[in-house]
Amino acid sequence: TGAIGLYNVGQSCCLNSLLQVFFMNRHFTGILRRITVPRYAAQKRRNVPYQMLLLLEEMQCGKQKAVSPIDLACCLSAYRVRLFVQYDAAQLFLTLWNLIMRQMKKPELTAELNYLYTICVQEHLACQQCYSETKRNSSMLTLPLPVLDSSSQVLKTLEDCLQYFFRPEELTDHNMCFCEQCGRKTPFLQSMKLVHLPQTLTIHLKRFCFEKSSYIHKLSHYLPFPQDLDFNAVLTENQCQADDNEKAAWQYELFAVVAHSGSTSCGHYCAYIRSLTECKWYCFNDSEVCQVSWDDVKCTYGHSNLHW
């Protein structure tokens, strides 16, 4: 029946945008359709994956231009995700992910979700006096990329942001760490190496900036991102900790952009999503859905005075 919108039920534009990105990902919906349905009505009302499945089925079976996500919103309110609150998309994405993973009953489905979304990195800490090194693997749901460098200079492209994120950093002066080999605080070299990238990679551009006065403002400068991204062409060998078979899969096509307009105190979210079946871009603006061009998607590159 075509792309279906979601009614805004109380400053729910951020939630609506994220739900559309989940639902337009056929790999995610394939997992969602295989969940264990809760047995009792009270359990169904409080189960996030089940309420997402009901909403997805309503969107796909209905003939109206939009449906209401109110039942899912009421379910989320039991977990302190309330209406009439301004949310940050990256924070809400993590909240939804944690609820979905916690309430998935089948281990094979949680494993598939991890493969679909989870990033694995290896953190390195090397003492610059004795050169002893510690390594630790950790998982991330998003790559949180800074859009400014340490001197508050603008990073000009997404590739620049990626290279800066994985650059080695010297920990000196008051940032020194205690070295067990040396028995004292010494300068360290901190670095992060990429181990595994998921089937669907989520990148978070950190456009909200904290000043020393605790004032938060939004960084709205122009920052282009490509339609195709090959990590092997962006990162160096020293920034990767993976074999050739793993790195061969590190090539991506842009699938969706969750975009924010406005300031930190007042704004609006919408989602630009590329249909995996039609290969066409759509703009999901709450209940309004329309087909758009790549030039329209490029409006999300920045500039605070730019209107969609």
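The rules we used
- Residue indices follow the written sequence of each chain, beginning from 1 at its first position.
- Only residues with pLDDT of at least 70 get local features here, since the model is predicted, and only at 80 or more are side-chain atom pairs given and counted; chain-wide, interface and lining totals rely on the full set of residues.
- Remark: hydrogens and water are excluded; side-chain values derive from all non-hydrogen atoms of the structure.
- Two strands are said to pair when DSSP picks up at least two bridges between them.
- In this description a helix means any DSSP run of H or I spanning at least four residues, a strand means any run of E spanning at least two, and both kinds are numbered starting from the N terminus.
- Lines are fitted to the C-alpha atoms to define the axes, a helix being fitted only along its stretch in contact, and any angle between axes, read from their N-to-C directions, falls within 0 to 180 degrees.
- By convention in these notes, a salt bridge is any Lys or Arg side-chain nitrogen within 4 Å of a carboxyl oxygen on Asp or Glu.
- Three exposure classes are used, based on accessible area relative to the maximum for each residue type with a 1.4 Å probe and protein chains only: buried under 20%, partly exposed in between, and exposed over 50%.
- The definition of a polar contact used here is a pair of N or O atoms within 3.5 Å, where within protein one atom must be able to donate a hydrogen and the other to accept one, and adjacent residues in sequence count solely through side-chain atom pairs.

S.K.: Would you mind going over the sheet that holds strand 9 (residues 188-196) with me for this structure?
M.R.: Two modes of strand pairing occur in sheets, parallel and antiparallel, and in both the strands are linked by backbone hydrogen bonds. Across the sheet, 4 strands lie side by side as 4-3-9-6; this open sheet has antiparallel pairing. At either margin of the open sheet sits one strand with a lone partner, and together these are strand 4 (133-140) and strand 6 (169-171). Recorded for the sheet is a direction-independent mean angle of 30 degrees between the axes of neighbouring strands.

S.K.: Would you take a moment to explain the pattern of salt bridges for this structure?
M.R.: Applying the stated criterion across every chain yields a total of 5 salt bridges. Between Glu288 and Lys65 there is a salt bridge; the shortest N-O distance is 2.6 Å. Placement of the pair is Glu288 in strand 18 (residues 288-292) and Lys65 in the loop between helix 4 (48-61) and strand 2 (66-67), with a sequence separation of 223 residues. A relative accessible area of 46% means that Glu288 is categorised as partly exposed. Judged by relative accessible area, Lys65 falls into the partly exposed class, the value being 46%. Between Lys298 and Asp295 there is a salt bridge, and its shortest N-O distance comes to 3.3 Å. Exposure remark for Lys298: the relative accessible area of 32% places this residue in the partly exposed category.

S.K.: I'm lost on the side chain of Thr300 in this one. Help?
M.R.: Following the sequence through the fold, Thr300 ends up in the segment after helix 11 (294-297). The exposure class of Thr300 is buried, given its relative accessible area of 14%. At a separation of 2.7 Å, a polar atom in the side chain of Thr300 contacts the main-chain carbonyl oxygen of Val297.

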